Amino acid sequence: MTKGQALDSGDPLKAFRDRFLIEEPDLIYLDGNSLGRTPITAVERLSRAVKTEWSERLVRGWGEGWIEAPRRLGDKIGQLIGAKPGETLLCDSTSVNFFKLVVGALKARPGRTKIVTDNLNFPSDIYLLQGVIEMLGDSHRLEIVPSLDGLHGARFDGVLDEDTALVTLSHTAFKSGFVYDMAAVTSAAHQSGALTLWDLSHSVGAVPLDLRHTRADLAVGCTYKYLNGGPGSPAFLYVRDDLQEELKSPIWGWFGQQDPFAFDLQYQPAPGIGRFQAGTPPILSMLTVESGVDLLLEAGMDPIRAKSVLQTDFVIELWREHLEPRGVTLNSPLNSDLRGSHVSLGHSDGMRVDRALIEDMNVIPDFRSPDNIRLGVCPLYTTFEEIERAIERFARVLQDGVHLKYPLEPPAVT
Ligand SMILES: *Cc1c(COP(=O)(O)O)cnc(C)c1O
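Residues numbered from 1 in each chain as written. Predicted model: local features only at pLDDT ≥ 70, side-chain atom pairs only at ≥ 80, totals over all residues. Heavy atoms only, no water.

Q: Could you give an account of the overall build of the chain, naming the residues involved and the relevant values?
A: The helix and strand inventory of the chain stands at 11 helices and 13 strands. The C-alpha radius of gyration of the chain comes to 22 Å, within 12% of the 22 Å expected for a compact globule of 414 residues. For the chain, the spread of C-alpha atoms along the three principal axes comes to 70 × 60 × 40 Å. Counting the 414 residues in the chain, one finds 58% classified as buried. Summarising the internal contacts of the chain: among those between residues at least 6 apart in sequence, 73% fall at separations of at least 24. The centroid of the 41 positive side-chain charges in the chain is displaced by 2 Å from the centroid of its 56 negative side-chain charges. (Helix = DSSP H or I, 4+ residues; strand = E, 2+ residues; numbered from the N terminus. Rg over C-alpha atoms; globule rule 2.2 N^0.38 Å. Buried < 20%, exposed > 50% of the residue type's maximum accessible area, 1.4 Å probe, protein only. Contact = heavy atoms within 4.5 Å. Lys, Arg positive; Asp, Glu negative; His and termini not counted. Charge placed at Lys NZ, Arg CZ, Asp CG, Glu CD.)

Take a look at the structure:
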């Protein structure tokens, strides 16, 4: 028995793999941090939503559960992030939710002009901040605090002050997988009177979160990554309950109106989290999100995190043995307390190595420039044996130069 097989046999979560539709058992999928696998119940749920709820019930479906879906499913996701009921909403994309909350936050801190983030953040968030600054008349400025080593999070001593309106960070960095201490950063931001907005896209479903106890103000996140909600599934947003009356969405759509079906001509924001909705929710993809979330709730975030740490540690152990001698660097924190559920391995020819893994080795990681090959582990379906085989094949690519036959230009989507 290999070490990977032995670890699998002692794995308390191993039965969860059978709850996913795995069409190609030999394909080693290490990209669930970009698009999670398909829960079997999602297939049934989507089929029921189309065949019964849509086809038979037609417009009556709105009165039979659809209209409540954003809040009901938001509350389920809220259980994964340590929110109270009524603080989380499933709606729109992460980018759109981020936009709504940034504008809401800046308006709630009039007179303060500084927005603080770091250079590990996801570019979409940075673009949105730049766009909001232009939209609000260039009266704010963005301070992008650099990480000292490009891998661990930035330090904000001397950066947060009475002019700071908002501190916004990816809780888990998309390249290195570094995880911020949410409580510490939030408390420092609050000492300066600023609000915090956390992007949980690479954290939710991968690391335990406790927004209530960290006193985080605002958050957004994806459902198609570790929540296995399906391609383009709607995102979520979180607004701490005591801030909900103070913040407004900049998108005054009828779904955020206090009584959409009164068709009144003057907008009045709905009380509570509902005001952050804009228009008609995408019901089919929304209902599919529930299947993945239910699996995570059933397994529990603590066992998931325990397995994730064992698995990313296993990646690093195998990297040391087979890949470090071939010039591959570890581009993620060594300390598992500071690491999410993926490990980035660096190689100067990383893009072509990634391609060879996909096209020649039946292993799917992903590549993030300049040199990161990301190996994402999803404890509900990734096995230790898969990790072992993936690293073996990675070593074989380098040993045989399999990647050298590919051109140096990147493909369109990576
Ligand atoms: C994946 C990801 C997003 C994606 O945003 P979309 O609006 O769904 O495209 C945003 N932020 C972070 C940190 C991400 O990892």
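Q: Break down the pattern of salt bridges for me, citing the residues and quoting the values.
A: Within this structure, the stated rule accounts for 28 salt bridges. The shortest N-O distance in the salt bridge between Arg48 and Glu53 comes to 4.0 Å. Residue Glu53 is classed as buried on the basis of its relative accessible area, which comes to 16%. Here Arg355 makes a salt bridge to Glu359, at a shortest N to O gap of 2.9 Å. You can see Arg355 and its partner Glu359 sitting in helix α10 (residues 350–361), four residues apart, about one turn around the helix. Assessed through its relative accessible area of 25%, Arg355 is described here as partly exposed. Residues joined by salt bridges that share partners form a network here, namely Arg72, Lys76, Glu290 and Asp294. (Salt bridge = Lys/Arg side-chain N within 4 Å of Asp/Glu carboxyl O.)

Q: Summarise helix α3 (residues 69–81); cite the residues concerned and give the values.
A: With 13 residues, α3 extends 18 Å between its outermost C-alpha atoms, agreeing within 8% with the 18 Å of an ideal straight helix rising 1.5 Å per residue. The set of residues buried in α3 consists of Ala69, Pro70, Leu73, Gly74, Lys76, Ile77, Gly78, Leu80 and Ile81. Where α3 is buried, its residues contact β2 (88–90), α7 (211–214), β8 (236–239), α8 (283–299) and α9 (301–323). Two residues or fewer after α3 comes Gly82, characterised by a positive phi angle close to 75 degrees. (Expected span 1.5 Å × (residues − 1).)

Q: Pulling in residues and values, what's your account of the site of the ligand?
A: Ser93, Thr94, Ser95, Phe122, Asp125, Ser170, Asp199, Ser201, His202, Cys222, Tyr224 and Lys225 make up every residue found near the ligand. One of the backbone N or O atoms of Thr94 is found 3.5 Å from an oxygen atom in the ligand. One of the side-chain N or O atoms of Ser95 is found 2.7 Å from an oxygen atom in the ligand. Summarising the interface, the protein chains cover 85% of the accessible area of the ligand, which totals 390 Å² for the free molecule. For the shell around the ligand, a count of residues per class yields three nonpolar, six polar and three charged. (Near = heavy atom within 4 Å. Polar contact = N/O pair within 3.5 Å; in protein donor to acceptor, adjacent residues only side chain to side chain. Areas by Shrake-Rupley, 256 points an atom, 1.4 Å probe, with all protein chains shown as cover. Nonpolar A, V, L, I, M, F, W, Y, C, P; charged D, E, K, R; others polar.)

Q: Describe the packing of aromatic side chains, naming the residues involved and giving the relevant values.
A: Overall, the coordinates contain 12 aromatic pairs when judged by the stated rule. Taking 5.0 Å as the distance between ring centres and 85 degrees as the angle between the ring planes, the aromatic pair formed by Trp254 and Phe255 counts as edge-to-face. With relative accessibility at 36%, the residue Trp254 sits in the partly exposed group. The structure contains a cluster of three or more aromatic residues connected by ring pairs, namely Phe156, Phe178, Tyr180 and Trp198. Here Arg37 stacks its cationic end above the ring of Tyr381, 5.6 Å away from the centre of that ring. Over the ring of Phe122 we find Lys225; its NZ or CZ atom is 5.5 Å from the centre of that ring. (Phe/Tyr/Trp six-rings, centres within 6.5 Å; stacked < 30°, edge-to-face > 60°. Lys NZ or Arg CZ within 6 Å of the ring centre and 35° of its normal.)

Q: Describe in detail the packing of α3 against α8, supporting the description with residues and values.
A: Contact geometry for α3 and α8: axes closest at 10 Å, N-to-C directions at 25 degrees. In terms of orientation, α3 and α8 fall into the roughly parallel class. Here α3 and α8 pass one another in a crossing that is left-handed. Between α3 and α8, the residues in contact are Ala69, Pro70, Arg72, Leu73, Lys76, Ile77, Gln79 and Leu80 and Ile283, Met286, Leu287, Val289, Glu290, Val293, Asp294, Leu296 and Leu297, respectively. Its residues placed into classes, the contact of α3 with α8 shows 12 nonpolar, one polar and four charged. (Axes fitted to C-alpha atoms, helices over the stretch in contact; angles between N-to-C directions. Parallel < 35°, antiparallel > 145°, perpendicular 65-115°, else oblique. Left-handed = near helix turned anticlockwise from the far one by under 90°.)

Q: Go over the sheet that holds strand β3 (residues 114–118), please, and point to the residues and values.
A: Across the sheet, which stays open at both edges, the seven strands sit in the order β2-β8-β7-β6-β5-β3-β4 with mixed pairing between neighbours. For this open sheet the edge positions go to β2 and β4 (141–145), each flanked by a neighbour on one side alone. Strand after strand, the sheet turns through a mean of 15 degrees between neighbouring axes, direction not considered. Bridge count for strand β6 (residues 195–199) against strand β7 (residues 218–221) is three bridges, and the pairing is parallel. When the sheet's bridge partners are listed, Leu197 is paired in β7 with Leu218. With respect to the sheet, helix α4 (residues 94–107) is in contact with β3, β5 (164–170), β6, β7 and β8, its orientation differing from that of β7 by roughly 165 degrees. (Pairing = 2+ DSSP bridges.)

Q: Kindly report on the sheet that holds strand β10 (residues 342–346), identifying the contributing residues and their values.
A: If you walk across this open sheet you meet the four strands as β9-β10-β13-β12, and the pairing is antiparallel. Only two strands of the sheet have a single partner each, and these edge strands are β9 (329–330) and β12 (366–368). Direction of pairing for β12 relative to strand β13 (residues 372–376): antiparallel, over a ladder of three bridges. The residue of β13 that forms the bridge with Asp366 is Arg374.

Q: Please give an account of the nonpolar core that cites residues and values.
A: Counting residues in each nonpolar core, the largest one holds 56 residues, and the members touching the most others are Ile81, Trp198, Leu200 and Leu211. No other element matches α8, which puts eight residues into this core. Ignoring sequence-local partners within four residues, the contact set of Leu211 consists of Ile81, Gly82, Met182, Leu200, Ala216, Ala219 and Tyr238. Ranked by size, the runner-up nonpolar core spans 32 residues in total, among them Leu318, Phe367, Ile387 and Phe394. (Core = buried A, V, L, I, M, F, W, Y, C linked by side-chain atoms within 4.5 Å.)

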